[in-house]
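Understanding the architecture of this molecule
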Amino acid sequence: MQIDIIETTGLGDRSYLVSDGGVGVVIDPQRDIDRVLASAGKRGVRIALVLETHLHNDYLTGGLELARTVGARYVVPAGDDVAYERVPAADGDVLEAGPMRLRVLHTPGHTHHHVSYALADADGAVQAVFTGGSMLYGSTGRTDLVGPEHTDELTHAQYHSVRRLADELPAGTPVFPSHGFGSFCAATPTSGDSSTVGEQARVNPALTQDEQTFVDELIAGLTAIPAWYAHMGPANAAGPAPVDLSMPRPVDPAELAERLAAGEWVIDLRSRTAFAHRHLPGALNFELAIATFVTYVGWLVPWGAPITLIGETAEQVADARRELVRIGIDRLAGAAIGSPEALAAGREPVSYPVSDFAGLAAAMAADPDLVVLDARRTDERAGGGVRGSRHIPIHDLPGRIDEVPDGDVWVYCGSGYRASIAASLLARTGRRPVLVDGGYDDPGTGAAAVGLHDASAR
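What counts, and at which threshold
- Residues numbered from 1 in each chain as written.
- Predicted model: local features only at pLDDT ≥ 70, side-chain atom pairs only at ≥ 80, totals over all residues.
- Heavy atoms only, no water.
- Phe/Tyr/Trp six-rings, centres within 6.5 Å; stacked < 30°, edge-to-face > 60°.
- Helix = DSSP H or I, 4+ residues; strand = E, 2+ residues; numbered from the N terminus.
- Buried < 20%, exposed > 50% of the residue type's maximum accessible area, 1.4 Å probe, protein only.
- Lys NZ or Arg CZ within 6 Å of the ring centre and 35° of its normal.
- Contact = heavy atoms within 4.5 Å.
- Pairing = 2+ DSSP bridges.
- Right-handed = clockwise from strand over helix to strand, strands pointing away.
- Core = buried A, V, L, I, M, F, W, Y, C linked by side-chain atoms within 4.5 Å.

**As for the packing of aromatic side chains**
Counted according to the given criterion, the structure contains 14 aromatic pairs. Centre to centre, the rings of Tyr-296 and Tyr-417 are 6.4 Å apart; their planes meet at 55 degrees, and the pair counts as tilted. Placement of the pair is Tyr-296 in helix α10 (residues 293–300) and Tyr-417 in helix α16 (residues 417–428), with a sequence separation of 121 residues. The class of Tyr-296 is buried, set by a relative accessible area of 4%. Classification of Tyr-417 by relative accessible area gives buried; the value is 3%. Here a set of aromatic residues connected by ring pairs shows up, and it is made of Phe-184, Tyr-296, Trp-299 and Tyr-417. Taking the ring centre of Phe-181 as reference, the NZ or CZ of Arg-14 above it sits at 4.0 Å. For the cation-ring pair, Arg-376 lies above Tyr-440, with the distance from its terminal atom to the ring centre recorded as 4.2 Å.

Encoded structure:
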């Protein structure tokens, strides 16, 4: 029996292909199903079952299209109201695929109808459990995505679901969650790349804390929900359209200039330092090479707004398109490929400075009234920030940009990535940003190391 992991680092998720005896089972596939088909082809297996642990809130599923493409049975939790034919998965059901047996365990918490799948071989020996957004590595799935009125109920349910898995499965059972590798579907940060039920019994809060402590701490630690999440559940219930990975329509320099002049979302995919050094006026920088690219495009760009990509190569644009279709951003306005100089259409490319926390410390010493913007999330800011800095989380900045004074603005975040997005937003409004490119907590070079951290900053 083989278990292949299909990683989607941009969303912090994993899908799985289990194969035995020439038959395959797929769990929680992403929308770009070509990766799953390639894995199945490499294994030489026929996909017989496609399983969903829940209706996902962070991506559009590829399960429906995959099942239709390969003629597999499509299994979705029985309680979910969906607009397509499926095999309903109810607690205690046993699904068969070749020599494999998968027992359905109702594990509510992440959603009301969430299920896990305990995998056994033909002899009944448990080989693995696929836990979706229930038991994660050192954490659990967040419980506030269905709606705030359900959070308390679902958090209690999550506690009992994780305990059920620990009670009913052998301690040596490998655990394969779908979320928790940087996903905002995790209630708290996860740890590690593999685990077993027995190891989770020693480290998972749902298994080491009493119920009320677990509930109180999980709810207190919940962070902001990415904006695009609101669209994923309904789209998954309706059934996503087949994926389209074709290249966006080419946009020439003249049309690109018009889109920039109109203030549309024109996204430059290059590195933040390359962008700062030279970019088209009005362009915004979402660095593709960073895993959180799709998170922050999905979070900041208003749903349905036209997006035009600027890439250095066709491959870069194709990679960005693949990332975006995973969360349902299908209809790109187009893409332009080339350097800022080649795409300028008579407009002079512009730039802004890049510094670090040591440079910020020197600038603040020279000008005590320097405007400094913290683009981190509220939960990060709770631990303190640069003394005297203003705090506007990056996902709030488009709607609060008028709170930032005109003129020079130094901007930082936890690593430099979100600060680069913020700097480009500020530059588009005529402000003069300075990008602090560095990790806030980096030893030797971070804010504390240069004497800027203030634990009382809120």
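There's more to say after this.
**Here we look at the side chain of Asn-204**
Along the chain, Asn-204 turns up in the loop between α4 (197–203) and α5 (205–208). In contact with Asn-204, other than residues within four places in its own chain, are Met-135, Leu-136, Gly-138, Ser-139, Thr-140 and Val-162.

**Observations regarding the sheet that holds strand β13 (residues 284–285)**
Read from one edge to the other, the open sheet built from four strands follows the order β13-β12-β14-β15, with strand pairing classed as parallel. Two strands in the sheet have a free side with no partner beyond their single neighbour: β13 and β15 (334–337). In the sheet, strand β14 (residues 307–311) pairs with β15 via four bridges, with the strands oriented parallel. Opposite Leu-309, over in β15, you have Ala-335 as the bridge partner.

**Observations concerning the pairing of strand β3 (residues 23–27)**
Of all five residues that make up β3, five are buried, and the element is covered over most of its length. Both strand β2 (residues 13–20) and β3 contribute to a ladder of five bridges, which runs antiparallel. Within β3, the position partnered with Tyr-16 by the bridge is Ile-27. In textbook terms, the turn of a hairpin is the stretch between consecutive antiparallel strands, and for β2 and β3 this stretch comprises two residues, one of which, Gly-21, has a positive phi near 60 degrees. Here five bridges tie β3 to strand β4 (residues 46–51), and the two strands are oriented parallel to one another. When the bridges of β4 are listed, Ile-27 appears paired with Leu-51. Handedness of the crossover is the feature at issue here: the chain leaves β3, passes through helix α1 (residues 34–43), returns alongside β4, and the resulting connection is right-handed.

**Some details on the nonpolar core**
Phe-286, Phe-293 and Leu-309 are the most contacted members of the largest nonpolar core, which totals 63 residues. Beyond its immediate chain neighbours, meaning those up to four positions away, Phe-286 contacts Trp-265, Ile-267, Asp-268, Leu-269, Phe-293, Tyr-296, Val-297, Leu-300, Tyr-417 and Ile-421. Core analysis: the next-biggest nonpolar cluster, separate from the first, contains 40 residues, Val-23, Leu-102, Leu-119 and Phe-130 among them.

Geometry only, nothing functional implied.
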